[in-house]
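Survey of secondary and tertiary structure
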Amino acid sequence: MKKKKNIDIKPGRVLGISENKYDFLMFLIVFIAIELLMSVGVITPFYKTIVIKICIDIVLALGLNFITGITGQFSLGHAGFMAIGAYIAAMLVLKVSSSFVMVLVGTVLGGIAAAFLGFLIGIPTLRLKGDYLAIATLGLGEIIRITIQNIDPAILGGAGGLSGIKLYSKFEFVFICLFITYFVINNILKSSYGRACVAVREDEIAAESMGINITKSKIFAFVVGTFFAGIGGALYSGYVGVIQPKNFGFMKSIDILMIVVLGGLGNINGTIIAAIVLDIVSFALQEFSELRMILYAILLVAIMLIKSGETPFFVKLRNMFSLKKKKLGESEE
Amino acid sequence: MAILNVKDLTKNFGGLQAVSHVDIEVEKGELIGLIGPNGAGKTTIFNLLTGVYTPTSGKIELKNQETGDLIKINGLKPYITSSFGISRTFQNIRLFKELSVLDNLRIAMHKRCKYSLFSAIFRTKSYRENEELFYENAINILKFVGLDEKKDELADNLPYGEQRKLEIARAVATGASVVFLDEPAAGMNPSETEELSRLIRDLRDKYELTIILIEHDMKFVMNLCERIYVLDFGTIIAKGEPNEIKNDKRVIEAYLGEDV
Ligand SMILES: Nc1ncnc2c1ncn2[C@@H]1O[C@H](COP(=O)(O)OP(=O)(O)OP(=O)(O)O)[C@@H](O)[C@H]1O
Ligand SMILES: [Mg+2]
């Protein structure tokens, strides 16, 4: 018998990645647990909406994390791509049929359309770096939103948006989408395609000299990220039932970016935890929406001061405190 | 016939002529030294040959290993020259610091990735076979340079000398036939330098490389290199075997005060 070779496929420093067999089990356990808690009534219908919102936000954030965290390309236009997915799925479900098949088609098409646009837009913009790229993507996100708003209201509803969309984003459907997102992104990261993206983030000059077409890798990352933005948008339509251009403004992009930054740039599991934490906090602060903005501001400043980088913010905070304790005990300095 | 043929290579940065009318001819399997005082234009030549800079004028030709014909590579981007078999290290080490030693090498093999994205997502046979190949290849090179036991360590955590070695290993991992080493011995102590000297020669023999290196350590260059080009103010002032270079008047002048 040929011995099974033990190849090492974990990518070095994309934190928060685990082996697939356990992933699947973990997701299954979480799924069953939530289903159980829902049937028993511990998770009330209100809490259920929070759970669904969290799942959608994770899909969105994992997409942005691929662009910004893993490939190092700062994008502030995620909500624009989300809008593409949201409107395509909503239109199909509203105008064609509200069957599950159409929901599925709408979601996939929403992702594909967003990715296609991401591809077209990525070619010119990804030549820009840092702040310039951030501003360009911010502008593009706004252009998408304003375009939707100004298309004949008879088609896309103008500023009033689309309403009466069937609430198709049931927990089961959203959770499966989340699992697929996680699965796809994890496996890409454990392949040469993902490693090339990480290399671009680490050092563009070295990456290019080692044979990586950095423009191609950046566009690839953008396509993957915007694809999941589209999927997330489609799920969002079926979650809220009413979509308006103003839901996909700059602030929505910031919301998603906050999750990615808090979870640690490039950190998959961190992104998931950050989405859970932030969503719970913002639901708790729902009545004081201004407070949420203040909280964001404080968090952002704290992140800048602490420079958590790839480590999740919470972990960094915890480490800081435990480190201090250790230092006192060891009396090194 | 030469594997690398550089004719009349010139590079201007605004008013500064960093490299002017340089001719270099390298045979397959040679170990060439490129020396010269600080600011002579050595690194600029590497940047021109690897595609980081576009030459102002001149011609760079590389022999295709398979077909044997000459390809003009000036102005091509680094990832394209890399696909023609050119690789390099950097004067200021440019490793993927936050990645493991193993991943640094696997990234260098990216262009040999044969599987599709679909295969990657669904872990098909071609994905596994290809990754196994990458892994084995990486481990072999790491063993050769003596870093296999550190494969899971972050590149940034390696001691300086080992980072230099890893960068060379990474350049070899691309499958290159022509490798440029920019000051590989910089910052190393004499015993490390000696070991590196052996390593470079062994790598050349094992992987059938053609190596061109820049180095300020004269003892290192004179012992290791078979032929040497001397650059001063962007022009080649002398070329030849170490013995000829040592006694060349113009070289001694250029290095005035330095121990040649
Ligand atoms: N991108 C650039 N823009 C402008 N000038 C440059 C650039 N790169 C190099 N130069 C100039 O070209 C000249 C040659 O530089 P180069 O780095 O090639 O020298 P070098 O021979 O490698 O020196 P050292 O031994 O110090 O590494 C220097 O005067 C340098 O300032
Ligand atoms: Mg130099």
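Whatever comes next refers back to the structure up there.
Residues numbered from 1 in each chain as written. Chains lettered and ligands numbered in written order. Predicted model: local features only at pLDDT ≥ 70, side-chain atom pairs only at ≥ 80, totals over all residues. Heavy atoms only, no water.

1. A few points about the interface of chain B and chain A
Quoted interface sizes are often the accessible area lost when the parts come together. Opposite the 42 residues of chain B that make contact, chain A presents 36 residues. Together chain B and chain A conceal approximately 3500 Å² of surface at their shared face, both sides included; 59% is due to carbon and sulfur atoms. Of all residues in chain B, Tyr79, His110 and Arg123 of chain B give up the largest surface area on contact with chain A, accounting jointly for 17% of the area buried on that side. Put simply, aspartate 203 of chain A and arginine 94 of chain B hold a salt bridge, and the shortest N to O gap is 2.8 Å. Joining chain B to chain A, the criterion identifies 12 residue pairs in polar contact (both at pLDDT 80 or more). At the level of elements, α2 (78-83), β6 (86-88), α3 (101-108), α4 (117-122), α5 (125-145) and α6 (160-173) of chain B are the ones that each hand at least two residues to the side of chain B that touches chain A. Of all the elements, α5 of chain B adds the most residues to the side of chain B that touches chain A, at seven residues. Split into classes, the residues belonging to the side of chain B that touches chain A amount to 20 nonpolar, six polar and 16 charged. (Contact = heavy atoms within 4.5 Å. Buried area = accessible area lost by both parts, 1.4 Å probe. Salt bridge = Lys/Arg side-chain N within 4 Å of Asp/Glu carboxyl O. Polar contact = N/O pair within 3.5 Å; in protein donor to acceptor, adjacent residues only side chain to side chain. Helix = DSSP H or I, 4+ residues; strand = E, 2+ residues; numbered from the N terminus. Nonpolar A, V, L, I, M, F, W, Y, C, P; charged D, E, K, R; others polar.)

2. Quick word on the coordination of the magnesium ion (ligand 2)
Residues and elements named next belong to chain B. Within the protein, the atoms that donate to the magnesium ion (ligand 2) are Thr43 (OG1) and Gln91 (OE1), at distances of 1.9 to 2.1 Å. Of the two residues, threonine 43 is situated in helix α1 (residues 42-50) and glutamine 91 in the loop between β6 and α3; the sequence distance between them amounts to 48 residues. With a relative accessible area of 24%, threonine 43 lands in the partly exposed category. (Donors = N, O, S within 2.8 Å, 3.2 Å for Na, K, Ca; no water. Buried < 20%, exposed > 50% of the residue type's maximum accessible area, 1.4 Å probe, protein only.)

3. Comments concerning the packing of α3 of chain B against α5 of chain B
Each pair of packed helices can be summarised by the angle the axes make with each other and by the distance between the axes. Residue and element names in this part refer to chain B. At a closest axis distance of 9 Å, the pairing of α3 and α5 adopts a crossing angle of 115°. Considering how the two elements wind past one another, α3 and α5 form a crossing that is right-handed. Residues Val101, Leu102, Leu105 and Arg106 of α3 lie in contact with α5, whose contacting residues are Glu131, Phe134, Tyr135, Ala138, Ile139, Ile141 and Leu142. When its residues are assigned to classes, the contact of α3 with α5 shows nine nonpolar, no polar and two charged. (Axes fitted to C-alpha atoms, helices over the stretch in contact; angles between N-to-C directions. Left-handed = near helix turned anticlockwise from the far one by under 90°.)

4. Regarding the site of ligand 1
Residue and element names in this part refer to chain B. Looking at ligand 1, there are 14 residues lining it, with Lys42, Thr43, Thr44, Gln91 and His216 nearest. Note that an oxygen atom of ligand 1 is positioned 2.7 Å from one of the side-chain N or O atoms of threonine 43. The separation between an oxygen atom of ligand 1 and a polar side-chain atom of threonine 44 is 2.5 Å. The element best represented in the shell around ligand 1 is α1, accounting for three residues. Per-class residue counts for the shell around ligand 1 are five nonpolar, seven polar and two charged. (Near = heavy atom within 4 Å.)

5. Concerning the packing of aromatic side chains
What the rule picks out here adds up to 24 aromatic pairs over all chains. Here the aromatic rings of phenylalanine 27 of chain A and phenylalanine 179 of chain A are separated by 4.9 Å at their centres, their planes lie at 70°, and the arrangement is edge-to-face. Residue phenylalanine 27 of chain A is found in helix α1 (residues 20-40), and its partner phenylalanine 179 of chain A is found in helix α7 (residues 171-189); the two are separated by 152 residues along the sequence. Judged on exposure class, the residue phenylalanine 27 of chain A and its partner phenylalanine 179 of chain A are both buried. Arginine 94 of chain B extends its terminal NZ or CZ atom over the ring of phenylalanine 90 of chain B, reaching a point 5.7 Å from the ring centre. When the ring centre of phenylalanine 96 of chain B is taken as origin, the NZ or CZ atom of arginine 170 of chain B, which lies over that ring, is 4.8 Å away. (Phe/Tyr/Trp six-rings, centres within 6.5 Å; stacked < 30°, edge-to-face > 60°. Lys NZ or Arg CZ within 6 Å of the ring centre and 35° of its normal.)

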